[in-house]
Structures are given as C-alpha cells and as structure tokens.
Amino acid sequence: MSGERNKFSLLRLFSALLCLFSAVAASAVPQSFVIESAIRTIDLTASPSVVRIYTSLIAKNIASGKTSDVYLAVDASLYKNGNLSLITLEQKVNEKKVPLDLQHQALDKQRNVLYLKATLAAPVAKEGTTTFTVSEVYSNAVVPFPREQVQTKSQSVQYNGNAYYLSPYKIDTLKTTVKVKVNNLHGATPFDAKTSDKLTYGPYKDVQPLTIGKLSLHWMDNRPILAVESLHRHLEVSHWGNNLWVQEDFKLLHNGARLKGHFSRVDYQFTARSHHQTNVLKDLRFILPKGASEVYFKDQIGNVSTSHFRNERTRSILDIKPRYPIYGGWQYTWFHGYYVPLNEYLKYDRKEGKYVLQVPFASGLPDFPIHKAVVRIVLPEGASDVNVVSPFKMDKEEHVTHFTYFDSIGRPTVILEKNHAVEENFVPITVTYKYSTASLFIKPIIVSIIIFGLFVLSMIYTRVDLSISTDVVSERNVLLRSHRTTVLEIASKVNTIFRHLDEAFAEFKAKRQADVFKTKRAELEQQIGVQLKALGELEKSVEVTKESVANASLKLKEQYQSERVFVKGVKEIIRLINQKLAKQKSLQNEVVTFTTEMGDNVDEKKKSALVAAIDKGEVELADLEKSLRKAIGDMQI
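Residues numbered from 1 in each chain as written. Predicted model: local features only at pLDDT ≥ 70, side-chain atom pairs only at ≥ 80, totals over all residues. Heavy atoms only, no water.

1. Let's talk about the sheet that holds strand 31 (residues 428-434)
1) Next: Sheet architecture is open: four strands sit in the order 25-26-31-28, paired in antiparallel fashion. Looking along the sheet, the strands with just one partner apiece sit at the ends: strand 25 (346-349) and strand 28 (384-389). Geometrically, the sheet is characterised by an average inter-axis angle of 20° between neighbouring strands, direction not taken into account.
2) Next: Bridge count for strand 26 (residues 354-360) against strand 31 is six bridges, and the pairing is antiparallel. Directly across from Y355, in strand 31, lies its bridge partner Y433. (Pairing = 2+ DSSP bridges. Helix = DSSP H or I, 4+ residues; strand = E, 2+ residues; numbered from the N terminus. Axes fitted to C-alpha atoms, helices over the stretch in contact; angles between N-to-C directions.)

2. Some words on unusual backbone geometry
1) Next: For the peptide bond that leads from F145 to P146, omega is 10°, which places it in the cis range.
2) Next: Looking at the element boundaries, P146 is found in the loop between strand 9 (142-144) and strand 10 (148-149).
3) Next: The omega angle of the peptide bond from G202 to P203 is 10°, so this bond is cis rather than trans.
4) Next: Residue placement: P203 occurs in strand 15 (residues 198-207).

3. Some thoughts on the packing of aromatic side chains
1) Next: What the rule picks out here adds up to 22 aromatic pairs.
2) Next: Here a set of aromatic residues connected by ring pairs shows up, and it is made of F250, F263, Y268, F286, Y324, Y327, W330, Y332 and W334.
3) Next: The ring of Y296 is capped by K298, whose NZ or CZ atom sits 5.6 Å from the centre of that ring.
4) Next: Looking at K580, its charged tip hangs above the ring of F498, at a distance of 4.2 Å from the centre. (Phe/Tyr/Trp six-rings, centres within 6.5 Å; stacked < 30°, edge-to-face > 60°. Lys NZ or Arg CZ within 6 Å of the ring centre and 35° of its normal.)

4. Some details on the sheet that holds strand 6 (residues 102-108)
1) Next: With antiparallel pairing, three strands are arranged side by side in an open sheet as 3-7-6. Since the sheet does not close on itself, it has two edges, and those belong to strand 3 (67-75) and strand 6, each with one partner. On average, adjacent strands in this sheet sit at an angle of 35° to one another, irrespective of strand direction.
2) Next: Bridge count between strand 3 and strand 7 (residues 113-124): eight bridges; the pairing is antiparallel. If you follow A73 over to strand 7, its bridge partner there is Y115.

5. Overview of the confidence of the model for the protein
1) Next: Averaged over every residue, the pLDDT of the protein is 86; residues scoring 70 or more account for 92%.
2) Next: Within the model, pLDDT remains below 50 along residues 1-26, and this stretch shows seven contacts once partners closer than five positions in the same chain are excluded. (pLDDT = per-residue confidence, 0-100. Contact = heavy atoms within 4.5 Å.)

6. Things to note about the environment of T486
1) Next: Take T486: it is sitting in helix 5 (residues 472-511).
2) Next: Among the residues examined, T486 registers a relative accessible area of 28% and is labelled partly exposed.
3) Next: Taking the C-alpha atoms as reference points, T486 and H239, 247 residues apart in sequence, are found 63 Å from one another.
4) Next: A distance of 3.0 Å separates the side chain of T486 from the backbone oxygen of S482, its partner in a polar contact. (Buried < 20%, exposed > 50% of the residue type's maximum accessible area, 1.4 Å probe, protein only. Polar contact = N/O pair within 3.5 Å; in protein donor to acceptor, adjacent residues only side chain to side chain.)

7. Topic: the packing of helix 5 against helix 9 (residues 604-635)
1) Next: It is at 9 Å that the axes of helix 5 and helix 9 come closest, and there the two elements cross at 150°. As judged from the angle between their axes, helix 5 and helix 9 are roughly antiparallel. As helix 5 packs across helix 9, the resulting crossing turns out to be left-handed. Contact residues: helix 5 offers R484, V487, L488 and A491, while helix 9 offers I632, D634 and M635.
2) Next: By residue class, the composition of the contact of helix 5 with helix 9 is five nonpolar, no polar and two charged. (Parallel < 35°, antiparallel > 145°, perpendicular 65-115°, else oblique. Left-handed = near helix turned anticlockwise from the far one by under 90°. Nonpolar A, V, L, I, M, F, W, Y, C, P; charged D, E, K, R; others polar.)

8. Some words on the side chain of S316
1) Next: Within the fold, S316 resides in strand 23 (residues 316-320).
2) Next: Relative accessible area serves as the criterion here: at 0%, S316 is assigned to the buried category.
3) Next: A polar contact is formed between the side chain of S316 and the side chain of N311, at a distance of 2.3 Å.
4) Next: Leave out the neighbours within four places in its chain, and S316 touches F286, I287, L288, P289, K290, G291, A292, F309, R310 and N311.

9. A short note on a nonpolar patch on the surface
1) Next: A cluster of nonpolar residues, Y405, F406, I450, L454, L457, I460 and V464, forms a patch on the protein surface that exposes about 740 Å² of accessible area.
2) Next: On the secondary structure map, V464 appears in the loop between helix 4 (442-463) and helix 5.
3) Next: A relative accessible area of 43% means that V464 is categorised as partly exposed. (Patch = residues over 30% accessible without salt bridge, like charges linked within 9 Å, V, L, I, M, F, W, Y side chains within 5 Å. Areas by Shrake-Rupley, 256 points an atom, 1.4 Å probe, with all protein chains shown as cover. Salt bridge = Lys/Arg side-chain N within 4 Å of Asp/Glu carboxyl O.)

10. A word on the pattern of salt bridges
1) Next: Scanning the model with the defined rule gives 29 salt bridges in all.
2) Next: In this structure, the salt-bridge partner of K372 is E417, at a minimum N-O distance of 3.9 Å. In this pair, K372 is assigned in strand 27 (residues 370-378) and E417 in strand 30 (residues 411-421), connecting sequence segments 45 residues apart.

11. Observations concerning the side chain of Q531
1) Next: You can see Q531 is positioned in helix 6 (residues 514-542).
2) Next: Under the relative-accessibility criterion, Q531 is labelled buried at 14%.
3) Next: Those residues in contact with Q531 that sit more than four places away from it in its chain are I490, K493, V494 and I497.

Quick look at the structure:
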C-alpha cells in the first residue's frame, strides 16, 4: 500500500514539473495569439542545395486588448551556424502581403530556441484574426547518405527536420506537406497520406508551443549538392565608356557524396551515357544581362575555351564547362566577366541632382547558397555624396577609395558583404551619388598634363649636357685590376687541367690503355686551348698603341706603362703554358710508344735511354713550372 502511494506521488510530481517546465517555456514570449491553422510546405524538389519551407498561419488574438507584436521561434543552432540562411515574415493586410522586420528578442538556452520579434503592419484587435506567411531557406539541410560512393553509383540523400511547426504559440490544427519524388524514396518517417510527388503529415490537433517531432526522409537524388564558398563580385562604372564592367570570382564546392577511391578517367569515358545517374557536375549555366559583351571565362591556369555564350532577345546565356568533372568533395575556382550598357542600370534624378545606380547583389546564378558574398562597386573618379540602399541587411558595408590607371584622387568604392546569401538575396541594391560634368574631364586633363610633361622632359634632356666627367686613369686602373684577377682565375683552371692530365697518365701507366689515355688527353688539351684563347683575347683588349701614348698625360703614360707590363706578362704566361704542354706531351708520347711496342718483352737498352730522356725532361718541366709560377705571381702585384 505504501509503495503504491509513493508511486502515485512520483507521477504527480513528474506531471507537475512537466507542466511547470512548459509554462516557463511558453512564458518566454507573451501568449497573445493562438494559431488556429498552420499549413507547412517543405520543398525538397527544387534543389538539393537549399530547402525552402513555407508556412501559412491564421492567428487569433486572445489577449485582453489590441496586439501589435508577433513572435517567431527558430532553432538557435541552425540560425547561428548559418544553415538557416533566410527567414522572412509577411502579414496579409487588405489582400496584400506586407513584409515585417524581424528583430532578435530572446534566447532560450535550455531549449536552444531563438525568439524573433516583429511589429505588425496592422495591429490585431481583441478576438480578431490575421494571416501570416513565414518563409525559411535552409542550406546544408540535405546531406548525402551514405557519405561516400564509387564513381559510377547513384547518390542517395537524407533530410532531417521537424514534422511540426516550431511555434511559441499553441496551434489548433497543423498539417505538414513534404514535396519529394515519392518513387525515389528509400525510407521516411511514417506519414498520413501520399501522392506521387508529396507526403502529408497530419493534421495534428492541439499542438503545444515548441513541440518537436522527428521528420526524416531518405531518397535517391543524383543532382550535385553545390555551394559557393566565396563569391567576389566586382562592378566598375564608366561614364566615359557608357558601360558597366562586371567580374565574378567563384570558389565552388561540391558537397555531395564524396568519391570513394581514386578517380578513373577510363571509367569516366566509358560511362559517358550514364553520367546523369551519378552526382558528377560537368557544366553550369549562367543567365547574364541583355546586351552583355566581351565575355570571358578564366581560371587560375588561364583562359578556358570550353564555354559557349549567346545573346538572346531578353537575356544572355553563358554555358561554362570546367577543366575537369567535379565529384563530391571536389572544388573548382574560376572567374568570368563581361560588359553591359550603363544606361540599363544608371539613371539621373534631376530633382535630387544625383545619379541612381541599381544593380543586383548577384544575378544569373543557379540555385545554390553562397557562404560569403562580397560585392565591390567602383564609382567614377570625382563622385561624391555616396549612399547605399539595400532591401536586406548587410553583414558589412565599407566605403574606400580605389586607384587605377591615370587616377589622381581615386575612385569612391562601396564594398558590401553578406554571409549565407541565397537566391532571395539576388535583388537590386541602389547606390546614389553626385557627379558633376567637370569631374568628367579630370582624367583627360591628367593625361594631357602627363603627355605635356613628357614633352618638356624630352626637350630638357636633348638641350642639357648631363654627362659626368670621368677619371680615365682611375677607370683604366680598375679595369686592369679586373683583368689581373681574370688571368689568375684562368691560370688556376689551367693548373687544374694539368693535374687531371697527370692523373690520366698515371692511370695509363697502371692499366696501359693507350686509346683511352689519348682520348682523355685530347679532351684536356682542348680545354687548355680554350683557356689560352681567353688569355689571348684579354691580351688584345689591353694592348696600347703608340698614338695613344704620344697624346697622353703623365699619369696616363704611367698607366699605359702598367698595361704594357701586363700584356707582356700575359704573353709570357701563354708561351710557358704552350711549352709545358708540348714538353709534357712529348715525354708522355715516348712512354706510350715504348709501352705499346715493347709489350712484355722489354729491351733494357731502350728502357735505359727512355729513363734518361724522362729524367732530363722532368728537369726541364720543373724549370718551366718554376718560370710559370713566377709569371703568375707577377700578376698579383
């Protein structure tokens, strides 16, 4: 009996805590409305890169008086990490939908819910009703499952969401419709009804605030899951050229199922007819403005010829094909640009005395999210009083000055930055500025001044003697020192070659390979000849003529005398090197001939004569080497 009483008390305590917790959660916002009807549509068919959810609400005012505010609840995690790229709220007033401005109100950390507040365009009277439309755009909501797949396999994806509408108010009736290709489904959370293109959950009755119900779908979808990691859009206004230059830099990510294993070009070629059954991205289409011209498509390597452009009556189309097919987990970076007539985007407001430039924040992109978009608008030099009007809130707005060719004061530049942008953000932004007629002539005046300045400098240069007198003696002395250094370097190289020749001769005496030795000696003699030729050219460049000495000053005559000594020393070095080479070659030839002719039968008489000749030759070589070292040493003075 006591056990049953304790059990009953615990149940009552749990129920009381549950009610208290629900009351605390609901009290985070005023309970001024009850949702009589909520109809949700989750669209999973438009693009796997983004998921759009549209919710129509009929709300009844249950407060004691008129209500002017309404609250929305969103998943704080999705809002913070950018998966919830966009949320808008519209109120139906006189059969027209009026957008409402949403502001952060409160964060329920316990339930991980962020509350947004909006002021109604038309306050709702007591017991009155009004209709709202909530639009949500999510990125990274559809993910590949499995995460990896082989190159030729189809892709399956998964979506996890809430079967209910996350509302801070009680909902009387709720129905959720999911648009999806039902025939491609692998599995889904149990539903209440289905057709060929949608699943229906509900209707649910008396849904309490902040109710969450699991919703999961798994189906086959071979479309690439794409996202732009960064988009840098550069727009430059030219009043002189009456055109607008646009360049867009993309870094595209494929977030689909990653390629399992390595990429096979052979498989790719042989399965060309079944590429549509995989998630490979082969090409992209961009819709450009009417009248676009001088279109280009380039990447980090250079111009990409695999593109096609055509102008149509109301638009221009650019079809691009990356250098390589893009599979899941891969990325591609490129930029394309074009010119369009300026009068399509720029008007003059005579009343305000300002130019009005209206350009889209982004345009012509396929339906995929942009993690970071930066738009840079460069106005003409001399523009002032620059103002920007945007239909949505920017994450960053900056005004700087941009300098380019022949600019003097720089061009006013507006830099706009938006994170987690989607197709709904591709709307026109307005830039107004003042620009006088006089400013139009700044650049021609600057160019004229530069050209005139160049002519003046040319006149001065041709009429003024800017030559600097030089000290001929000092210059020739510096040059002579340089020549001495060159002679020493050549002598060092010749000495090295002689050492290699001695090594080759020693190898011959050990192995007795006459042909090998003669070939090696010919190569080394050729190298010595190159160095001797260099010495000869150096000698000729320093030779002093009698005519130059006759007309020289005393110091210059002394310099000429030093140069004569230098030339004499170079000639002596050349003579000694030639003699040493000839003497060494003669002795070596005698040894080679003796060794070749005699073989193993040695004639002692001839051998004695050869030894005597070698001894005498080595004495002569030693004398030549001594003279050569002395001549080289004189070059160092």
